[in-house]
Amino acid sequence: MNQRIQRVRGMQDVLPGEVWKWRYVEQGLMHITAAFGYQEIRTPVLELAELFIRSVGETTDIVGKEMYVFEDRGGDILSLRPEMTASIVRAVIENHLLQQQPIARLWYYGPMFRRERPQKGRYRQFHQYGAEVVGSPHPESDVEIISMAWQLLQHFGLSQLELRINTLGNSETQQRYRAALVAYLEPHKDQLSPESQARLVTNPLRILDSKNEQDRAIVEQAPKIVDFLDDESRAFFDTVLSLLDRLSIPYVVDPYLVRGLDYYRHTAFEIVSTALGAQNAVCGGGRYDGLAALLGGKPFPAVGFALGVERLLLVLEAEDRFPAKPPVAQVYIAAVGEAPMREVALMLASRLRAEHIPTTVDLLRRSVKGQLREANRYGVRLVVIVGEQEWQQGMVIVKDMASGEQKLVAEATLVQEVVRRLRQETNES
Ligand code: HAM
């Protein structure tokens, strides 16, 4: 026998019994997006690898270890996108979006790829919903983005959330801070974890969010970026925080929050769930005013966030916030006996479907008992039983699955009867 082929490690099948949860989340996301007046943007899943190398940063884990990079048959070096902010900045530049309007409010949704070590909440193909405000240098836009992320999660009734925020200052602040941090860490080098030792050379800011306990002890005494802010950066951060206060959005200032991508300036934030384990960041984002210039475009300011859909699903599960599973169909047509009644069942199903009533029929030629069992499993509200005797008199039986009550209904009035019953039950529930 041939060896069974398995799915790629770290990638998931979303099975029919689970897809409704995705739909539920996607509908909620769309609902809040509409309230903010953002426009959708779609970009390719494949980009030139150079796009992410230049934007996310050569020394980051994402670019250094996690990208799916390959040479295509034409010799181009391509990468599956590990995130979409870089793609959006490229698309804004390439399509001159900011020449048609001074500001663009964009949202996106789709699969991203990072070859990380898989664990709960961390996958190699995962999905992000994200939003970006492109064109505004003002802190109001940072706050609009944060409040959108916050409201999205509130919409699902989640309570165990924490917004963590920090400022990384402008690029001069970052340079001065980086030098001071390295000067402080150098003498402690031997006590740092091997990973942090390597980062001391490549990306010292990332040592701040190391999870290693010994690193943490050293980092706690390290200089903090807030003490290096110039007046402009400090004023910017203060305005963001006071606007969050005005909107009653609770936050915790976390001086060690640096995030894993190099392009941030000023605001950086994450929303974490205390209901999750190690992979507890549900969404993250910040300002990235320098990115357009890095990609060869005219500079423009921008701020945004991305939310991990798989993580949101895990939080909804952990906080028990999913609604009841929707039924597969609302009506099941069961046929008694052989071919003639089965044909009638098909015909009646087609009539109900034409009225947009979700209807299903038996395709396995089962007994009535078997059909009723399937109807039950599908969670339908009504079963229409087509029996020869009743049919000869132009009648069918309508069974209410909740009460068990059965009633004879004339074929000619079946559609009205079903619509009436479904509407009645919807009103009652
Ligand atoms: P990020 O923090 O790398 O930011 O990713 C955002 C969110 O995606 C994370 O908070 C997490 O929920 C989810 N996520 C990331 N990696 C994985 C994974 N391997 N498995 C499952 N979920 C994951 C960005 O990607 C930036 N582009 C966000 C942004 C937008 N900044 C400005 N605008």
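Just above, that's the structure.
Predicted, not measured: the structure shown is a model, and the values here were computed from it. (Residues numbered from 1 in each chain as written. Predicted model: local features only at pLDDT ≥ 70, side-chain atom pairs only at ≥ 80, totals over all residues. Heavy atoms only, no water.)

Summarise the side chain of K399; cite the residues concerned and give the values.
Considering the arrangement of structural elements, one finds K399 in strand 15 (residues 395–400). Buried and unpaired, K399 has D400 as its nearest opposite-charge partner, separated by 8.9 Å. Beyond its immediate chain neighbours, meaning those up to four positions away, K399 contacts R381, L382, V383, G404, E405 and Q406. (Helix = DSSP H or I, 4+ residues; strand = E, 2+ residues; numbered from the N terminus. Buried < 20%, exposed > 50% of the residue type's maximum accessible area, 1.4 Å probe, protein only. Lys, Arg positive; Asp, Glu negative; His and termini not counted. Salt bridge = Lys/Arg side-chain N within 4 Å of Asp/Glu carboxyl O. Contact = heavy atoms within 4.5 Å.)

Can you break down the site of the ligand residue by residue, with the values?
As a structural note, the neighbourhood of the ligand is formed by 27 residues, with E83, T85, E116, E132 and Y264 the closest of them. Here a nitrogen atom of the ligand and a side-chain polar atom of E116 are 2.7 Å apart. A distance of 2.7 Å is found between a nitrogen atom of the ligand and a side-chain nitrogen or oxygen belonging to Y264. Look at the ligand: alone it shows 660 Å² of surface, and the protein chains cover 96% of it. Of all the elements in the fold, those that place two or more residues in the shell around the ligand are strand 6 (125–134), strand 10 (281–287) and strand 11 (302–308). Ranked by residues supplied to the shell around the ligand, first place goes to strand 10 with six residues. (Near = heavy atom within 4 Å. Polar contact = N/O pair within 3.5 Å; in protein donor to acceptor, adjacent residues only side chain to side chain. Areas by Shrake-Rupley, 256 points an atom, 1.4 Å probe, with all protein chains shown as cover.)

Tell me about the sheet that holds strand 8 (residues 252–253), residues and numbers included.
Strand order in this open sheet of eight strands is 1-5-6-11-10-9-7-8, and the pairing throughout is mixed. Looking along the sheet, the strands with just one partner apiece sit at the ends: strand 1 (39–40) and strand 8. Sheet analysis places strand 6 next to strand 11, joined by seven bridges and oriented antiparallel. Bridging from a neighbouring strand, E132 pairs with G304 of strand 11. Seen against the sheet, helix 4 (residues 85–94) touches strand 5 (104–113) and strand 6 and runs at an angle of roughly 135° to strand 5. Sitting on the sheet, helix 6 (residues 139–155) touches strand 5, strand 6, strand 7 (161–167), strand 9 (265–273), strand 10 and strand 11, and the angle it makes with strand 11 is about 15°. (Pairing = 2+ DSSP bridges. Axes fitted to C-alpha atoms, helices over the stretch in contact; angles between N-to-C directions.)

Fair warning: the whole summary comes from geometry, so function is off the table for now.
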